[in-house]
Amino acid sequence: MASTSTIPALPVADALYDRALGHLPGGNSRTTLFVAPHPPYATSGRGHVLRDADGREVIDLQNNYTSLIHGHAHPEVTEAAARALHAGASFGLPTEHEIELAELLSQRVAIADRWRFANSGTEAVMVAIRLARAVTGRDAILRFEGCYHGSADAVVQHGARGVPQGVKDDVVTVPVGDEAALVAALDAHGDRLACVVFDAMPNRAGLRPADPAFVTLLRTETARRGILLLWDEVLTFRAGLGGLQGQYGVEPDITTLGKIIGGGLPVGAIGGRAEIMDAFDPRRDDAVGHGGTFSANPVTLAAGTTAMRLLDATAIDRLNALGDALRERLAAQGWTVTGQGSLLRVHVPDATALWWRLWAKGVLISVNGLLCLSTPMDEDTTAAVADAFESLDQE
Ligand SMILES: Cc1ncc(COP(=O)(O)O)c(C=O)c1O
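Calculation criteria
- Residues numbered from 1 in each chain as written.
- Predicted model: local features only at pLDDT ≥ 70, side-chain atom pairs only at ≥ 80, totals over all residues.
- Heavy atoms only, no water.
- Axes fitted to C-alpha atoms, helices over the stretch in contact; angles between N-to-C directions.
- Helix = DSSP H or I, 4+ residues; strand = E, 2+ residues; numbered from the N terminus.
- Left-handed = near helix turned anticlockwise from the far one by under 90°.
- Contact = heavy atoms within 4.5 Å.
- Nonpolar A, V, L, I, M, F, W, Y, C, P; charged D, E, K, R; others polar.
- Domains from an automatic or database assignment.
- Buried area = accessible area lost by both parts, 1.4 Å probe.
- Salt bridge = Lys/Arg side-chain N within 4 Å of Asp/Glu carboxyl O.
- Core = buried A, V, L, I, M, F, W, Y, C linked by side-chain atoms within 4.5 Å.
- Buried < 20%, exposed > 50% of the residue type's maximum accessible area, 1.4 Å probe, protein only.
- Near = heavy atom within 4 Å.
- Polar contact = N/O pair within 3.5 Å; in protein donor to acceptor, adjacent residues only side chain to side chain.
- Areas by Shrake-Rupley, 256 points an atom, 1.4 Å probe, with all protein chains shown as cover.
- Phe/Tyr/Trp six-rings, centres within 6.5 Å; stacked < 30°, edge-to-face > 60°.
- Pairing = 2+ DSSP bridges.

Student: Mind showing me how you'd approach the packing of helix 13 (residues 351-360) against helix 14 (residues 379-393) here?
Tutor: Between two packed helices, what matters for the description is the angle formed by their axes and the separation of those axes. Packing of helix 13 against helix 14 brings their axes to within 10 Å, and their N-to-C directions diverge by 115°. At the point where helix 13 passes helix 14, the crossing takes the right-handed sense. Along its contact with helix 13, which presents Leu354, Arg357 and Leu358, the element helix 14 presents Ala388, Phe389 and Leu392. For the contact of helix 13 with helix 14, the residue count by class is five nonpolar, no polar and one charged.

Student: Looking at this model, I keep getting lost on the domain arrangement of the protein. Mind explaining?
Tutor: One widely used convention gives an interface's size as the accessible area the parts lose upon coming together. Domain annotation of the protein identifies domain 1 (4-69 + 312-393) and domain 2 (75-310). If you look at the interface, domain 1 gives 24 residues, while domain 2 gives 22 residues. Taken together, both faces of the contact between domain 1 and domain 2 bury some 1900 Å²; the carbon and sulfur share is 55%. Joining domain 1 to domain 2, the criterion identifies zero salt bridges.

Student: Would you take a moment to explain the nonpolar core for this structure?
Tutor: One broad trend across soluble globular proteins is that nonpolar side chains are buried collectively. Leu61, Leu105, Trp115, Phe117, Ile261, Met308 and Phe389 are the most contacted members of the largest nonpolar core, which totals 61 residues. When near neighbours in sequence (up to four residues on either side) are disregarded, methionine 308 contacts Leu101, Leu104, Arg108, Phe237, Ile260 and Ile261. One finds Ala140, Leu207, Tyr248 and Leu370 within the second-largest nonpolar core, a separate group that totals 31 residues.

Student: How should the site of the ligand be read in this particular structure?
Tutor: Surveying the vicinity of the ligand reveals the residues Ser120, Gly121, Thr122, Tyr148, His149, Gly150, Asp199, Asp232, Val234, Leu235 and Lys259. Within the side chain of threonine 122, one N or O atom sits 2.7 Å away from an oxygen atom of the ligand. Separating an oxygen atom of the ligand from a side-chain N or O atom of lysine 259 is a distance of 2.8 Å. In isolation the ligand offers 390 Å² of accessible surface; the protein chains occlude 82% of this area. Grouping the constituent residues of the shell around the ligand by class yields three nonpolar, five polar and three charged.

Student: What should I look at first to understand the packing of aromatic side chains in this one?
Tutor: The way to describe two aromatic rings as a pair is by their centre distance and the angle between their planes. Enumeration over the complete set of coordinates arrives at eight aromatic pairs. Aromatic pair phenylalanine 144 and phenylalanine 198: ring centres 5.9 Å apart, planes at 75°, arrangement edge-to-face. Pair noted here: phenylalanine 144 is in strand 5 (residues 140-144) and phenylalanine 198 is in strand 7 (residues 193-198), with a separation of 54 residues, a long-range link. As far as burial versus exposure is concerned, phenylalanine 144 and phenylalanine 198 are alike and both buried. Geometrically, the ring pair formed by tryptophan 355 and tryptophan 356 is edge-to-face, given 4.9 Å between the ring centres and 85° between the ring planes. Look at tryptophan 355 and you get buried, because its relative accessible area is 6%. Relative accessible area serves as the criterion here: at 0%, tryptophan 356 is assigned to the buried category.

Student: Where do I start with the sheet that holds strand 14 (residues 370-372) in this structure?
Tutor: Strand pairing in a sheet is mediated by backbone hydrogen bonds. Such pairs are either parallel or antiparallel. Here three strands make up an open sheet; going across it, the order is 11-12-14 and the pairing antiparallel. Single-partner strands in this sheet number two, and they are strand 11 (336-340) and strand 14. Looking at each pair of strands side by side, their axes are set apart by 25° on average, direction ignored. Sheet strands in contact with helix 12 (residues 313-332) are strand 11 and strand 12 (343-347), and its direction is about 165° off that of strand 11.

Spelled out as structure tokens, the structure:
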């Protein structure tokens, strides 16, 4: 934990946390946001600046775990969401908003001419695995060690409490990037594998882009065994117009999106080719069930469509160049930094200490060292971030 001298006084947050402890285990609802002794509380944000309950303003490189690609309260995104909300928060009928976002995503993601919307990346991965199982008639899945794909039973980390043995029996785990282990696992379990769940730049496993040769091998070896490749692009879709899969030039069978495609509101999506995705077609007697009271929520999808329209190729290229320059500058200062484009990860032995030291300098990052940029940022913003890191070195 950070030494208490680096933790600024947080009287309002302390009081809120005391109240929270009486009703929320550990004081909040998201394990992934906890930082000891307890996190500050957010009250508002505008552009790349977040304000906390104690009145501190920080440069936000956390961006709600990378989902706020346009920062906080972007006027056009907010306007789209407000317009949709005024028309009615949700309906027991489909709306045109889901057609609009599906059309936009189909133009960007080469393999996906069909989409289903959900409320989170977790839900998207969970439903995509069910789809793969239904389509292949197989039960098991293969995943890579240490990679995060949300909190569904089948994909939580090895040894997680509360996961039934029956679920664990159907999960094969292989070390990240290990070609020999992958082929051995496919040889041993191939005929019972429905899909391989893959993230080409997994944050929890270090945010290092996969070797293109590994990705090609993965595609070839799964295809020849009739195993579906489920490319989880929930975190990495911001990498390019067609996400990371577009850059690798590999065609998965199913893809999952989330985070940025909801304009800051809860979202997930499953995409793929018609012959796979049409398993969801409710006109079929054997349709794979997928509902959700709030799936394809019109407010989310209106905000998301606007956010995606604003995120054109020019915006992505600018953001990636800013991110690459920041990574180089931090590396030149001696930090170990991985990632690509607008996603960065700083590796330190004590991430909590780094978190508080940066907070004290007016910079917010994720508690696991993940940083991401948003479109309201420019060179002045990243220079201020680099200066904050540099000042830590000198302390
Ligand atoms: C690669 C990946 N998949 C799935 C998820 C789960 O998404 P959500 O937090 O929206 O449930 C995440 C979340 O960070 C993720 O990074």
